[in-house]
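Residue-level structure breakdown
These are the residues of each chain, in order.
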Amino acid sequence: MFSGCLKRSTFVGIFASLIAHGVFAQSNQVLNLYSARHYQTDEALYANFTKQTGIKINRIEADDNVIIERLKSEGKNSPADVILLVDAARLWRAEIEGLFQPVKSKTLEQRIPKNFRSTDGGDGSQWFGFSSRARVIVYNKASIKPSDVDTYEKLAEPINKGKVCTRSGSHPYMLSLIGAMYERQGEAKTEAWAKGMVTNMARAPKGGDTDQIRAVASGECGVALTNSYYFARLMRSDKPADQEVVSKVGYIWPNQATSGTHMNVSGGGVAKHAPNKAAAIQFLEYLASDQAQQYFADGNNEWPTVKSVKTNNPALNKLGDFKMENVSIGAIGKNQIYAQKILDKVSYK
Ligand code: FE
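What this report covers is the structure whose coordinates are included nearby. (Residues numbered from 1 in each chain as written. Predicted model: local features only at pLDDT ≥ 70, side-chain atom pairs only at ≥ 80, totals over all residues. Heavy atoms only, no water.)

Some thoughts on the nonpolar core
Worth spelling out the cut-off: Only buried residues count toward a nonpolar core. Its members are Ala, Val, Leu, Ile, Met, Phe, Trp, Tyr and Cys residues joined through side-chain atoms within 4.5 Å. Working definition: with a 1.4 Å probe on protein chains only, accessible area under 20% of the residue-type maximum means buried, over 50% means exposed, and in between means partly exposed. Helix numbers and strand numbers start at the N terminus; a helix is a DSSP run of H or I with at least 4 residues, a strand a run of E with at least 2. Domain extents, as shown, originate in an automatic or database domain assignment. What makes two residues a contact is simply this: any of their non-hydrogen atoms within 4.5 Å.
By size, the foremost hydrophobic cluster in this structure holds 50 residues, and its most contacted members are Leu31, Leu85, Phe130 and Phe283. If you tally residues by element for this core, the top one is helix 10 (residues 277-287), at 7 residues. Two domains each provide a minimum of three residues to this core, namely domain 1 (28-132 + 270-316) and domain 2 (133-262 + 322-346). Beyond its immediate sequence surroundings of up to four residues, Leu31 is in contact with Phe49, Ile55, Lys56, Ile57, Asn58, Asp81, Val82, Ala279, Ala280 and Phe283. Formed by 29 residues, the second largest nonpolar core is a distinct cluster that contains Val86, Cys165, Ile213 and Val249.

Structure (C-alpha cells):
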C-alpha cells in the first residue's frame, strides 16, 4: 500500500517533469517564418517561443522584396505561415498582392494599437506592427542652425537650398513619409514640398539612411532624413569613426510644434496559405507579449508598439521623449501610390 503510493507519486513527478521540459508540448509542430528582420536578439526571441510552446521555427531570412517575390511565385504551395516585413509601404504591398489573410485575435486587438495595424477593418486585420521607428532629421552642427531644419516642411524651403541630402524618393521609407504628408495636407501641398526638396538637394539621391548621416557629418550635406534606429545604432557603436560621426551631427524630432514626428512600423501577419495557421496566430500573439516586445524592439533600437511595455535602450533614453504624428499606418501604406505619382511628376529620383 505504502510502496504503491510512492510509485504513483514518482510517476506523477516524472510526468510533470516531462511536461515542464516540453516533451509532450506538441513537439512535432512547426512554424515556417519568412522574415525580413535579421538581428542578433531575434535568436532569443524565437528560442523562447519554442521553449514556451514546443513549436519549432523554420526561418527564411531575406530582404523584403525577395520575400514578397518568393511568396508570389510559391502561390498556394507556399509553406510560409508568418511573414515579417519592415515599413508600412512594404506591408501594404504584400497586403494588396493578397499575401496575408485576415486574423481575428482578442490578444492582438487589445495589445496592438489600432493606428499600428492595417486598416482593412471588418473581420480582423491583415497585419500588425510589432515595433515602431521615427523618421527624424539630422544636421551638421557646424553649419546649420537647428531652428532652420526642425520640420519636414522647412527642408523644402529656400533657406535650405543646396543643403539637403536624401535617399531615393521611391524607397519605402520616403514613400511612407510622403504618404503621411499626403494624408495630413493633401496633394497640392505635398507636391510643392517634393518640388522644393528637389530644388534644395546638395546631390542626387543615393545611398541608405546611414550614408546620409555620414554625409552630414562630413559636411557634404547640411541636413538629411533618417530612420531613428540608424542614428541610435551609431550612438551605441564603439567604433571611433562612428563616434566621430555622432559628435558632428545634431538630431531633431521633427514637427514638435505642429503635426508630430512621422512614425512607421516593422510588423507582420499570417500568410494567405499558411499550413499551420493556429501556430501562426499563436506566434503573432507571442510577439505582442511583454518579453517578446522588448526583444523585438531593442534588437533594432526601436520602440515596442504595445504601450505598456517599456524598454531600457541607452541611446533612445538619451534622445528623450517626443510627440508622434497621429496618422494611421494603414493609410500611410495606401497613400504610397499617390506619393510615387508626385515624385515622378517633380523628378524626385
Ligand atoms: Fe531600415
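On we go from here.
Quick notes on helix 9 (residues 240-248)
Rule in force here: To obtain the arc, one takes the directions from the helix axis to the C-beta atoms.
Those residues of helix 9 that fall on the buried side of the exposure criterion are Asp242, Val245 and Val246. End-on view of helix 9: buried residues confined to an arc of 95°, all on one side of the axis. Looking at the buried side of helix 9, the elements it contacts are helix 7 (209-218), helix 8 (228-236) and strand 8 (249-252).

Comments concerning the coordination of the iron ion
Four donors placed tetrahedrally around a metal ideally meet at 109.5 degrees, and six donors placed octahedrally ideally meet at 90 or 180 degrees. Quick reminder of the rule: Only N, O and S atoms count as donors, using a 2.8 Å limit from the metal and a wider 3.2 Å limit for Na, K and Ca, and since water is excluded some coordination spheres may look unfilled.
Protein-derived coordination of the iron ion comes from Tyr173 (OH), Tyr229 (OH) and Tyr230 (OH), at a distance range of 2.0 Å. For the iron ion, the donor residues sit on a single chain with the sequence spacing Y-x55-Y-Y. On the criterion of sequence distance, the pair formed by Tyr173 in helix 6 (residues 172-200) and Tyr230 in helix 8 is long-range, its members being 57 residues apart. As far as the burial class goes, Tyr173 and Tyr230 line up, both buried.

Quick word on the state of the cysteines
So the rule is basically this: When two cysteine sulfur atoms lie within 2.5 Å, the pair is treated as a disulfide.
On inspection of all chains with the given rule, the structure shows 1 disulfide. Put simply, Cys165 and Cys221 are joined by a disulfide, and their sulfur atoms are 2.0 Å apart. Disulfide Cys165-Cys221: torsion about the S-S bond near -80°, hence left-handed. Of this pair, Cys165 sits in strand 6 (residues 164-165) while Cys221 sits in the loop between helix 7 and strand 7 (223-227), placing them 56 residues apart in sequence. Residues Cys165 and Cys221 agree in their burial class; the two are buried.

Comments concerning the pattern of salt bridges
Under the convention used in this document: Throughout this description, the term salt bridge denotes a Lys or Arg side-chain nitrogen within 4 Å of a carboxyl oxygen of Asp or Glu.
Overall, the coordinates contain 22 salt bridges when judged by the stated rule. Notably, a salt bridge pairs Arg111 with Asp290, separated by 2.5 Å at the nearest N-O pair. Of the two residues, Arg111 sits in helix 5 (residues 106-111) while Asp290 sits in helix 11 (residues 290-298), which places them 179 residues apart along the sequence. If you follow the salt bridges from partner to partner, you end up with Arg37, Asp42, Arg133 and Glu302 in one network.

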